[in-house]
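Chain and residue survey
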Amino acid sequence: MFTVKAWSKGRARSGILQIVGGSSCEIAIETPALLLSTRKGLPAFISPDLLPSLPSPDSHILQFSPLHFLEGLTPETMANCGGLHQMLGLHEYGFAAVPRDSIVCLPECNGTNKIGASFETPCGRLLIKSLEYMKMISSMKPNLWATLADEVPAWVSIKRNKNSVDRTVRWLDECIALSSTGGAVFGAIVGGSSVEERRRCAQEVAKRNVSGYWLGGFGLGESMDERSPLLNAVTCMGSDLRIIYPSKSRGRFVALGFQVLQGIASGVDLFDSTYIYDLTIGGFALIFPFDQIERNVSDSQPSAIGGDQTKINLKATVYRKDISPIVDGCSCYACQNHTKAYINHLLNVHEMLAQILLEIHNTHHYLGFFRAIRQAIKEGKFEQFRQQFIENRRHQIFAASLAHQAGKSCTLC
Amino acid sequence: MASANLTLALYPFISDSDIFGDNLGLDEITSASQSGHMAPRLTRRRHLATCCFQMIQVQNPTNPLPVKERVAGTLSTHPIRAPLFVAAAALCFFTAAISISPVICVFCLLHQILGRFNRARAAQLTLPHFVCQTPLFMPVGTQVPGCKCCIVTVAEAFQNIVNVCNGPLRYPLRPLRNTETAVTRVNFLHTAEAGVTGTIKGLTTSQLEEIGCQIILGNTYHLALRPTSELIDELGGLHKFMNWPRALLTDSGGFQMVSLLHLADITEKGVTFQSPVDGKPMLLTPEESIQIQNRIGADIIMALDDVVRTTITGPRIEEAMYRTLRWIDRCIEAHKRPNEQNLFGIVQGGLDPVLRDICVRGLVDRNLPGYAIGGLSGGEDKDSFWRVVAQCTASLPEDKPRYVMGVGYPLDIVVCSALGADMYDCVYPTRTARFGTALIPEGVLKLKHRAMADDTRPIDPTCMCMVCKNYTRAYIHCLVTKDAMGSQLLSYHNLYYMMKLSNDLHSSIIEGQFPDGELYAYMYPLQSISEVIFIWLTLHFPLPAGLYVASYRKCSQRVMFPSGSAMPWRSLESISLPAVLNSQHPNIE
C-alpha cells in the first residue's frame with residue numbers, strides 16, 4: 001500500500017500511497033500529501049460537482065471525523081447506504097477517519113476517563129467508547145482510520161500524561177480486536193510534551209499490527225521548538241510508515257509553513273490541516289509563491305494590504321475595484337472565472353459563494369505547495385527548499401517591518 | 001418630415017387611435033369575426049397597420065439584429081400572416097429607401113411564439129445575452145440572511161398576519177423551527193423581498209448554467225447599496241462582474257424600499273426611504289432607478305412602480321395604479337440604453353379588474369418591449385390572484401413577453417402558464433432549501449423530519465440532478481440547517497426541479513399536450529380523483545368560456561403521505577367558483 005520512492009538528506013521522504021476507493025478503483029497518492037478536511041465527508045463549501053476541478057489525484061484523499069455523523073445518521077443507516085464512498089458518491093476518493101477534526105469536534109481531556117475519550121461536538125460533550133467508535137468505523141468503511149486516543153495538552157501532570165499513553169494503547173488493542181473492515185489501522189501515538197512518553201507510546205504501538213501511525217496531541221500547548229524532538233522520538237523507528245500529523249493551525253501561516261516543513265523533515269507523510277478552512281472563513285486567499293526554488297526570485301514587494309506576503313484579505317477595500325484574479329496564472333476555478341473585486345463584494349454582502357471560491361482557490365494553492373515539496377524531495381533539494389522558504393519569510397517580515405517603520409516615520413513627519 | 005408623412009400614410013388604415021393596444025393575434029381576430037363581434041375587414045386592416053408600424057420600428061441602423069429576423073419574430077410564425085409580411089416588408093424597404101429616421105424606441109428583444117395550447121404559449125425570447133425558452137423561471141438569490149427575518153406563529157399565519165422584523169437578527173432563525181408552514185406563507189407574502197447581490201445563494205455560475213438557468217434576477221436596491229451601480233458600471237457591467245454569460249434582469253428597487261424598510265414614504269417625486277447605511281432619508285425617483293439599472297446593464301430592466309399590498313383596499317390602490325402609469329413615462333424618458341436593455345412596464349391596480357384594465361391599456365399604449373404583472377403574491381387568495389393574471393394576460397399584446405412578478409410555487413407557475421404568462425421569479429426554491437425543504441413532484445419534502453434520518457432513497461427518485469443521483473435523504477437530513485453544504489445541495493436540487501418544470505411546460509405546450517393527464521399525475525398526486533378532474537377543467541377550458549378556480553386550503557397539511565414521506569402541496573379544495581371573466585373586453589364606464 002505504501003512505498004517510499006525517494007529520501008532526501010535527513011528523514012524527509014517522498015512515497016506513493018495506494019488505496020482502493022469505492023467500487024474498487026485504485027487511487028495512487030504521492031506523499032507528503034495533504035488530507036482535505038471535510039464536514040461530514042464533503043469539503044465545507046466545495047460541492048461534489050466542483051471537486052473534480054481541484055488538482056487530481058492530489059485532492060483525492062479526504063479526512064473526516066466519524067463524530068460528525070452523530071448529529072443525524074445512525075451507524076445502521078450508514079451501513080445500509082453502503083459506507084461512506086457509496087453515500088457520498090465519491091468513488092474515486094480515499095477517506096481517512098480521524099476522531100477529532102480540530103474545528104467542531106475537539107478532544108476534552110478533563111472529560112476523558114478509563115471508559116472512553118471525551119469530545120466537544122456540535123451535539124454536546126460526548127464520551128466515545130471504543131465499541132461505539134468501531135461501530136461507526138465499520139459502517140463507514142474508510143480507507144484509513146486512526147484509533148481512539150486520549151489526547152492531553154502539554155501542561156498536564158506527568159501522571160496524567162502516563163495515563164493517557166496507557167489508555168491509548170489499551171484502546172488501540174480494543175479497536176484492533178473489534179475491527180472488522182479492511183481499512184488500514186493507524187495507531188494513535190500520544191504522550192504530550194514528554195519525549196520519553198512519546199517514545200514509549202510509539203514503541204508500544206509499533207508492536208501491534210498497524211499500518212501507520214497517527215500522531216495525536218500536537219497543537220495543544222507545546223512550542224515549536226519542543227516539537228522537533230517529539231516528532232523525531234516517534235518517527236525514528238521503522239521505515240515504511242505513514243503518519244498523519246494534525247497540525248493545529250490557529251496562527252500565522254509562517255508558523256504553519258514551518259510546521260509542515262518541520263513535519264516533513266521528521267518523516268511525516270500525511271497532513272491533516274484545518275488551515276484552509278480557517279483562511280476561508282476569515283476571507284483570506286493564499287498568494288505565496290511556492291515554486292521559489294525553481295524560479296529563485298524574491299521580487300515580492302510588501303504591498304499587499306490586509307495580509308502578509310503569504311495571503312491577502314479579500315475583505316480589504318483595496319480589492320474593491322481589482323479586476324485581476326487572486327493569483328495571476330492560477331488555474332483554479334475561482335481565478336479562472338472571477339476577480340478579486342467580485343469576491344470582495346461577495347464577502348461584503350456575506351454571500352456563501354465567497355467561501356466556495358476561496359476554499360477552491362486555497363485548496364488548489366496549498367496542494368501546489370505540497371507538490372513543490374515533493375518535487376524538491378525527489379530532486380534531493382528538500383533542505384535547500386526549506387532553508388529558502390525560511391529565508392524568504394524572514395526577508396519578507398524584515399521588509400514588511402521596515403516598510404511599516406517607514407510609514408510610521410512618515411506620519412510622524 | 002418623412003416620418004410624419006408615413007404616419008399620415010398609415011393613418012387611413014387605423015380606425016381608432018388604439019393601434020398598439022389592440023394588437024390582437026389573428027386567432028383571436030378570426031374567432032371574434034366568426035362570432036360576429038368584429039368586422040373581419042376592419043380588423044385585418046388594423047392588423048396590417050400595426051404590423052407596418054412594427055416594421056418601421058425595427059428599421060434602426062444601430063440595431064444589431066437583422067431586420068428580417070426581427071420581423072420574423074412577430075409575423076412569419078403564422079401562415080396567414082405571410083402575405084401581410086410581404087406587403088409590410090415591401091413598405092418597409094420603401095421607407096428605408098427614402099431613409100426615414102426611426103420612429104420610436106427600438107427593441108433588442110425578440111419574442112417568437114413557437115407553440116400554443118389554448119391560452120398557454122411556448123416561445124423563444126431572444127435577449128442580447130441569451131436566447132431563452134419560455135415559460136421560464138428566473139431564480140433569485142437571497143440577500144444577507146442576517147439583515148432581516150420574519151417571525152410568524154402558526155396561529156398568526158392562519159390569519160395572514162405577518163410581522164416582518166428588520167434588524168440584525170442572526171441566522172439560523174430558531175423560532176421558525178416549528179412554524180415552517182408559516183414560513184412558506186411568509187415567502188408568499190414577500191416573495192420578491194430578497195434580492196440577488198450578484199449571485200444565487202451558494203451556487204457558482206457554472207453550476208447555474210449546468211442546471212439550465214436562462215435568466216437570473218438581480219435586485220437593483222441591493223446592488224445599488226453594495227457594491228454600488230457606479231462600480232459595476234466601471235468594471236464593465238453586471239454580466240462581467242459576476243461572470244454570467246446568460247441573461248440578467250434587474251427589478252426597479254421599489255419593492256425592497258417598501259418591503260424591507262421602515263418609514264418608506266411614497267410621493268409623486270419618488271420613494272423616500274431611510275438609508276440603511278447612515279439612516280438619512282434618501283429619495284429614489286423613477287429616473288434614478290432607470291439610471292442605476294442602465295449602469296448595471298441587465299438585459300431586462302423594470303420600471304419603478306408604486307407597490308401596495310393587495311390586501312389593502314380603498315383609494316390607495318387607485319392612486320398607486322395611476323402613479324405607476326405616470327412614472328412609466330418618466331422611466332421611458334430616462335432610459336438611455338433602449339438598444340441594449342428592454343424596459344418592462346408593470347401592471348398595477350390591486351385586485352380591481354377595472355383598475356387593472358386601465359393600467360394595462362395605459363402601458364400597452366406606450367408599446368414597451370414586455371409587460372410585468374405586479375402587485376401580486378402579497379397575501380391575496382388564489383382565486384383573485386389567478387383572476388388578475390387571467391385578465392392581464394388576455395389583454396396584453398400577444399407578441400410581447402409577460403412576466404408575473406414574485407410567483408414561485410410550482411402550481412402557480414403551471415396555472416399562470418396555462419393562462420398565457422411567460423416569466424416568473426421567486427426566492428422560494430432557494431430559500432426553502434435553506435430551511436431544509438426539497439421540491440419534489442409529489443409536493444415538498446421536509447428533510448428536517450425525523451423520518452428522513454434512515455431513508456436511503458434519493459430526494460426524488462425520478463430526478464436526474466447531481467444531488468438526486470448521488471445522495472440519500474438520510475445524508476441530506478444530517479446536513480440541512482447545520483452545514484453550508486446542506487443548503488448548497490438542496491438549492492441545486494430545487495432549482496433543477498424548477499428548471500425542469502419550465503422545460504416540461506415548454507415542451508408540452510409545443511406538443512399540444514398541455515395540460516394532459518401525465519403532467520398532472522406528475523404535478524399533483526391529489527388524494528381524490530375529483531380534484532384531478534377539477535384541475536383539469538380549470539386549465540382545459542379556454543378562457544373566457546369560464547374560469548373555474550381552485551382554491552388552496554388556508555394552511556398546508558402537516559400529514560405525511562402513507563406511500564412516501566412527502567408533504568402534499570396545499571391540498572386543493574374543490575369548490576368551483578365560476579369566476580366570470582369577461583377579460584378580453586371588460587366593460588369600463
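The structure displayed is predicted, hence computed values, not measured ones.

1. Looking at the overall build of chain A
Of the regular secondary structure elements, chain A holds 13 helices and 16 strands. In chain A, once contacts between residues fewer than 6 apart in sequence are set aside, the share between residues at least 24 apart is 70%. As displayed, chain A has an accessible area near 15500 Å², and 52% of this comes from carbon and sulfur atoms.

2. Remarks on the overall build of chain B
Each helix and strand in chain B was counted, giving 23 helices and 21 strands. Per-residue burial for chain B yields a buried fraction of 61% across its 589 residues. A separation of at least 24 residues holds for 71% of the contacts in chain B among residues at least 6 apart in sequence. Here chain B has roughly 22000 Å² of accessible surface; of this, 59% comes from carbon and sulfur atoms.

3. Describing the sheet that holds strand β3 (residues 26-31) of chain A
Residue and element names in this part refer to chain A. The strand order across the open sheet built from three strands is β1-β2-β3, with neighbouring strands paired in antiparallel fashion. Unpaired on one side and paired on the other, β1 (2-7) and β3 mark the two borders of the sheet. In this sheet, neighbouring strand axes are inclined to one another by 20° on average, regardless of whether the strands run parallel or antiparallel. Relative to β3, strand β2 (residues 13-20) runs antiparallel, the two being bridged by six bridges. What sits directly across from V20, in β3, is E26.

4. Describing the UniProt feature "active site" (unreviewed entry) in chain B
Residue and element names in this part refer to chain B. In the numbering used here, UniProt assigns the feature "active site" (unreviewed entry) to D251 and D425. These annotated residues cover 175 residues of sequence, and their C-alpha atoms all fall within 10.7 Å of one another, placing them together at a single site. Looking at the element boundaries, D251 is found in the loop between β8 (247-250) and α12 (254-260). When neighbours within four sequence positions are excluded, D251 is seen to be in contact with G218, N219, T220, Q256, Q293 and M302. Within polar-contact distance, the side chain of D251 engages the side chain of N219 at 2.7 Å. Note that D425 resides in strand β16 (residues 423-426). Residue contacts for D425: discarding those within four places in its chain leaves F137, M138, V140, L217, Y403, V404, M405, G406, V407 and G408.

5. Regarding the environment of L54 of chain A
Residue and element names in this part refer to chain A. For L54, the position within the fold is in the loop between β4 (33-37) and β5 (61-64). Residues L54 and H365, 311 residues apart in the sequence, show an inter-C-alpha distance of 9.7 Å. When neighbours within four sequence positions are excluded, L54 is seen to be in contact with L36, I46, S59, I360, T363 and H364.

6. Focus on helix α21 (residues 484-510) of chain B
Taking 1.5 Å per residue, 27 residues should reach 39 Å; α21 of chain B reaches 39 Å between its end C-alpha atoms and fits that length. G512 of chain B sits one or two positions beyond α21 of chain B and adopts a positive phi of about 70°.

7. A closer look at the UniProt feature "binding site: Zn(2+)" (unreviewed entry) in chain A
Residue and element names in this part refer to chain A. Here the UniProt feature "binding site: Zn(2+)" (unreviewed entry) sits at C330, C332, C335 and H361. Over a stretch of 32 residues, the named residues converge on one spot in the fold, their C-alpha atoms separated by at most 8.5 Å. Here C332 shows up in the loop between β16 (311-313) and α10 (333-337). The residues touching C332, leaving out its near neighbours within four places in the chain, are I360, H361 and H364.

8. Notes on the interface of chain A and chain B
Listed per partner, the contact involves 40 residues of chain A and 44 residues of chain B. Between chain A and chain B the total buried area reaches about 3400 Å² when both faces are included, carbon and sulfur atoms providing 59% of it. The largest contributions to the chain A side of the interface with chain B come from H345, E351 and M352 of chain A, which together make up 16% of the buried area. Salt-bridge contacts for R39 of chain A lead to D483 of chain B; the nearest nitrogen and oxygen are separated by 3.7 Å. In this assembly, chain A and chain B are joined by 12 residue pairs in polar contact (both at pLDDT 80 or more). Considering only residue class, the side of chain A that touches chain B consists of 21 nonpolar, 12 polar and seven charged.

9. Focus: the side chain of S47 of chain A
Structurally, the position occupied by S47 of chain A is in the loop between β4 and β5. S47 of chain A gets classed as buried once you look at its relative accessible area, which sits at 2%. Here the side chain of S47 of chain A touches D49 of chain A through a polar contact of 2.6 Å, side chain to side chain. Within the structure, S47 of chain A has its side chain in polar contact with the side chain of Q207 of chain B (distance 2.8 Å). For S47 of chain A, the residues in contact, after removing those within four places along its chain, are Q207, M485 and Q488 of chain B.

10. As for the nonpolar core
Core analysis: the largest hydrophobic core is formed by 221 residues, its most contacted members being F69 and F369 of chain A together with I459 and Y475 of chain B. No other element matches helix α12 (residues 352-378) of chain A, which puts 15 residues into this core. By size, the runner-up hydrophobic cluster in this structure holds 20 residues, among which are L125, A247, F344 and Y403 of chain B.

11. A look at unusual backbone geometry
Negative phi is the rule for most residues except glycine; trans is the rule for most peptide bonds. In this model, T31 of chain A is joined to P32 of chain A through a cis peptide bond whose omega is 0°. When you line up the elements, P32 of chain A lands in the loop between β3 and β4. The residue after R226 of chain B, namely P227 of chain B, is reached through a cis peptide bond having omega 5°. Among the secondary structure elements, P227 of chain B is positioned in the loop between α9 (220-225) and α10 (229-234). One non-glycine residue, H350 of chain A, adopts positive backbone phi at about 55°.

12. Structural notes on the pattern of salt bridges
Residues and elements named next belong to chain A. If you walk through the whole model with that rule in mind, you get 40 salt bridges over all chains. Its salt-bridge partner being R208, residue D173 comes within 2.7 Å of it at the nearest N-O pair. Of this pair, D173 sits in helix α4 (residues 158-178) while R208 sits in the loop between α5 (195-207) and β12 (212-215), and the two are 35 residues apart along the sequence. We note a salt bridge from K207 to E204, for which the minimum N-O separation is 3.1 Å. With a gap of three residues between them, K207 and E204 both fall in helix α5, about one helical turn apart. Given a relative accessible area of 62%, K207 falls into the exposed group.

13. Considering the sheet that holds strand β9 (residues 124-129) of chain A
Residues and elements named next belong to chain A. In spatial order, the strands read β7-β8-β9; together these three strands make up an open sheet with antiparallel pairing. If you trace the sheet from one side to the other, it starts and ends with β7 (106-107) and β9, each paired once. Here β7 pairs with strand β8 (residues 116-121) via two bridges, running antiparallel. Each residue of the ladder has a partner; that of P107, found in β8, is F119.

14. Quick look at the pairing of β1 of chain A
Residues and elements named next belong to chain A. Pairing between β1 and β2: five bridges, direction antiparallel. By the bridge assignment for β2, T3 is matched with I16. Between β1 and β2, which pair antiparallel and follow one another directly, the connecting turn spans five residues, one of which, G10, has a positive phi of 90°.

15. Re the packing of helix α14 (residues 315-334) of chain B against helix α15 (residues 353-365) of chain B
All names here are of chain B. It is at 10 Å that the axes of α14 and α15 come closest, and there the two elements cross at 0°. Put simply, α14 runs roughly parallel to α15. Residues I317, E318, M321, Y322, L325 and I328 of α14 form the contact with α15, whose own contacting residues are L355, I358, C359, G362 and L363. Its residues placed into classes, the contact of α14 with α15 shows nine nonpolar, one polar and one charged.

Thresholds applied
Here the residue index of a chain counts from 1 through its sequence in written order. The order in which chains are written sets their letters, starting at A; the order in which ligands are written sets their numbers, starting at 1. With the structure being a predicted model, the display of local features is reserved for residues of pLDDT at least 70 and the display and counting of side-chain atom pairs for 80 or more, all residues being used for whole-chain, interface and lining totals. For side-chain calculations, the full set of non-hydrogen atoms in the structure is used, while hydrogens and water are omitted. By definition, any uninterrupted DSSP run of H or I lasting at least four residues is a helix, any uninterrupted run of E lasting at least two residues is a strand, and each is numbered from the N terminus. Any pair of residues with heavy atoms lying within 4.5 Å of one another is described as a contacting pair. Computed by Shrake-Rupley with a 1.4 Å probe, the accessible areas treat only the displayed protein chains as cover when residues are assessed. Note on exposure labels: buried denotes an accessible area under 20% of the residue type's maximum, exposed denotes more than 50%, and partly exposed covers the range between, all computed with a 1.4 Å probe on protein chains only. A pair of strands is considered paired only if DSSP assigns at least 2 bridges between the two. In this description, a line fitted to the C-alpha atoms serves as the axis of each element, helices being fitted only across the stretch in contact, and the angle between N-to-C directions of two axes falls anywhere from 0 to 180 degrees. UniProt positions are given in the numbering used here, feature names are shortened, and annotations may be inferred rather than shown by experiment. By the criterion applied in these results, polar contacts are pairs of N or O atoms within 3.5 Å in which, for protein atoms, one can donate a hydrogen and the other can accept it, and in which residues neighboring in sequence qualify only through two side-chain atoms. For a helix, the expected span equals 1.5 Å multiplied by the number of residues minus one. A 1.4 Å probe defines the accessible area here, and the buried area is the portion of it lost by two parts on being joined, summed over both. Take a side-chain nitrogen of Lys or Arg and a carboxyl oxygen of Asp or Glu: if they are within 4 Å of each other, that pair is a salt bridge. Under the scheme applied here, ten amino acids are nonpolar (Ala, Val, Leu, Ile, Met, Phe, Trp, Tyr, Cys and Pro), four are charged (Asp, Glu, Lys and Arg), and all others, including Gly, are polar. The set of buried Ala, Val, Leu, Ile, Met, Phe, Trp, Tyr and Cys residues whose side-chain atoms join them within 4.5 Å is what this entry labels a nonpolar core. Oblique is the label for any angle not under 35 degrees, not over 145, and not in the 65 to 115 range, which are roughly parallel, roughly antiparallel and roughly perpendicular in turn.

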